[in-house]
Amino acid sequence: MNMMRVLLVMSFMGKPALFVLITLKMVQWSIYYGVSKNSSVAFACYGVLICSRMGDIEGGNKFAKVAMSIVERFGAKDIESQVLFVCVSFISHWKEPGHLTHKRFLRAYEVAMQTGNIHFAMLSMRGSNLAALLAGKPLAYIEKECNSCMELMREYKQKNAINLLLPVWQLVLNLMGDSDDPRVLSGHAMQQEDLLK
């Protein structure tokens, strides 16, 4: 199950059909052989599938709650940030207010840093900045946060997280008037053409 959990992360962006297959197999094994801490990731990802593929927001939220309860039951701090990230990014934002989504991303970041999971820490930082923007936090606050997040991401050499944060940061700068054309994500933080290459 641990190997399947690692494969889930890799397949999510690269091979969506494989992501679905791995998720379903992990859920099946959890039901057949019993629940383990890795089942929490499986149930969280199953919740994502229910929300995104079936449009069942209520059902997806139920599986997110199941995933979090499994983390608590097993005291699985080492994968809590991954489960939190999946639940907040793809499930709970459909139902909960933006300011709570922002706080939950910050919690995922804290847990990830405490357990040494830099990948999910940086992704959670990016998620917290986007959630802050969508929740209507002041642009100056978000811009400052994006700047400090970018420094950390560069320090930890997290290229994927950097590429995900750059458009958010530039959008904030554009909304603040720091761009020649507010419709184009080019300016101080990034050049749109460079990121699209």
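Heads up: the structure comes first, above all this text.
Overview of the structure.

What counts, and where the lines are drawn
Residues numbered from 1 in each chain as written. Predicted model: local features only at pLDDT ≥ 70, side-chain atom pairs only at ≥ 80, totals over all residues. Heavy atoms only, no water. Helix = DSSP H or I, 4+ residues; strand = E, 2+ residues; numbered from the N terminus. Rg over C-alpha atoms; globule rule 2.2 N^0.38 Å. Buried < 20%, exposed > 50% of the residue type's maximum accessible area, 1.4 Å probe, protein only. Lys, Arg positive; Asp, Glu negative; His and termini not counted. Charge placed at Lys NZ, Arg CZ, Asp CG, Glu CD. Salt bridge = Lys/Arg side-chain N within 4 Å of Asp/Glu carboxyl O. Patch = residues over 30% accessible without salt bridge, like charges linked within 9 Å, V, L, I, M, F, W, Y side chains within 5 Å. Areas by Shrake-Rupley, 256 points an atom, 1.4 Å probe, with all protein chains shown as cover. Core = buried A, V, L, I, M, F, W, Y, C linked by side-chain atoms within 4.5 Å. Contact = heavy atoms within 4.5 Å. Expected span 1.5 Å × (residues − 1). Bend = angle between axes of the 7 residues up to and from the residue. Phe/Tyr/Trp six-rings, centres within 6.5 Å; stacked < 30°, edge-to-face > 60°. Axes fitted to C-alpha atoms, helices over the stretch in contact; angles between N-to-C directions. Parallel < 35°, antiparallel > 145°, perpendicular 65-115°, else oblique. Left-handed = near helix turned anticlockwise from the far one by under 90°. Nonpolar A, V, L, I, M, F, W, Y, C, P; charged D, E, K, R; others polar.

## Some remarks on the overall build of the chain
So, step 1. Scanning the chain from N- to C-terminus turns up 10 helices and zero strands.
So, step 2. Listing the helices and strands of the chain from first to last along the sequence gives α-α-α-α-α-α-α-α-α-α.
So, step 3. For 197 residues, the compact-globule estimate of 2.2 N^0.38 gives 16 Å, and the C-alpha radius of gyration of the chain, at 17 Å, lies within 12% of that figure.
So, step 4. Here the chain holds 197 residues, and the buried ones make up 44% of them.
So, step 5. The averaged location of the 16 negative side-chain charges in the chain is 9 Å from the averaged location of its 21 positive side-chain charges.

## With respect to the pattern of salt bridges
So, step 1. Applying the stated criterion across every chain, the model contains six salt bridges.
So, step 2. As a salt-bridge pair, Glu80 and Lys77 come within 3.5 Å of each other at their nearest N and O atoms. In this pair, Glu80 and Lys77 both sit in helix H5 (residues 77-90), three residues apart, roughly one turn of the helix.
So, step 3. Given a relative accessible area of 37%, Lys77 falls into the partly exposed group.
So, step 4. A salt bridge links Asp181 to Arg183; its shortest N-O distance comes to 3.1 Å.
So, step 5. A relative accessible area of 25% places Asp181 in the partly exposed class.

## Describing a nonpolar patch on the surface
So, step 1. Judged by side-chain polarity, Met3, Val6, Leu7 and Met10 come together as a nonpolar surface patch covering roughly 380 Å² of accessible area.
So, step 2. The topology assignment puts Met3 in helix H1 (residues 2-14).
So, step 3. Looking at Met3, the relative accessible area reads 57%, which means it is exposed.

## Quick look at the nonpolar core
Taken as a class, soluble globular proteins show a tendency for nonpolar side chains to be buried jointly.
So, step 1. Counting 55 residues, the largest nonpolar core has Leu8, Val83, Met153, Leu165 and Trp169 as the members making the most contacts within it.
So, step 2. If we ignore the near neighbours within four places in the chain, the residues touching Met153 are Met122, Met125, Arg126, Gln158, Ala161, Ile162 and Leu165.

## What about H1?
Every α-helix winds through 3.6 residues per turn, so residues three or four apart in the chain are directed the same way.
So, step 1. The terminal C-alpha atoms of H1, which comprises 13 residues, lie 19 Å apart, in line with the 18 Å expected from a rise of 1.5 Å per residue.
So, step 2. At Leu8, H1 shows its maximal bend, which comes to roughly 25°.
So, step 3. Within the span of H1, buried status applies to Met4, Arg5, Leu8 and Ser11.
So, step 4. Among the structural elements, helix H2 (16-33), helix H3 (39-54) and H5 are those in contact with the buried residues of H1.

## Some thoughts on the environment of Tyr33
So, step 1. Turning to its location among the elements, Tyr33 is positioned in helix H2.
So, step 2. A C-alpha to C-alpha distance of 31 Å links Tyr33 and Ile118, two positions 85 residues apart in sequence.

## Observations regarding the packing of aromatic side chains
So, step 1. Scanning the entire structure with this criterion turns up eight aromatic pairs.
So, step 2. Aromatic pair Phe12 and Phe19: ring centres 5.1 Å apart, planes at 80°, arrangement edge-to-face.
So, step 3. With relative accessibility at 31%, the residue Phe12 sits in the partly exposed group.
So, step 4. Phe19 sits in the buried class, given a relative accessible area of 6%.
So, step 5. An aromatic cluster is present here, built from Phe12, Phe19, Phe85, Phe90, Phe105 and Phe120 joined pairwise through their rings.

## Description of the environment of Tyr141
So, step 1. Along the chain, Tyr141 turns up in helix H8 (residues 139-155).
So, step 2. Each C-alpha atom of the pair Tyr141 and Val172 lies 10.0 Å from the other, and the pair is 31 residues apart in sequence.

## Points about the packing of H1 against H2
Two quantities define a packed helix pair, namely the angle between the helix axes and the distance between the axes.
So, step 1. Contact pair H1 / H2: the axes reach a minimum separation of 7 Å and the direction vectors enclose 155°. As the angle between them shows, H1 and H2 are arranged roughly antiparallel. Here the hand of the crossing between H1 and H2 comes out left-handed. In contact with Met4, Arg5, Leu7, Leu8, Ser11, Phe12 and Gly14 of H1, H2 contributes Pro16, Leu18, Phe19, Ile22, Thr23, Lys25, Met26 and Trp29.
So, step 2. Here the residues of the contact of H1 with H2 sort into 10 nonpolar, three polar and two charged.

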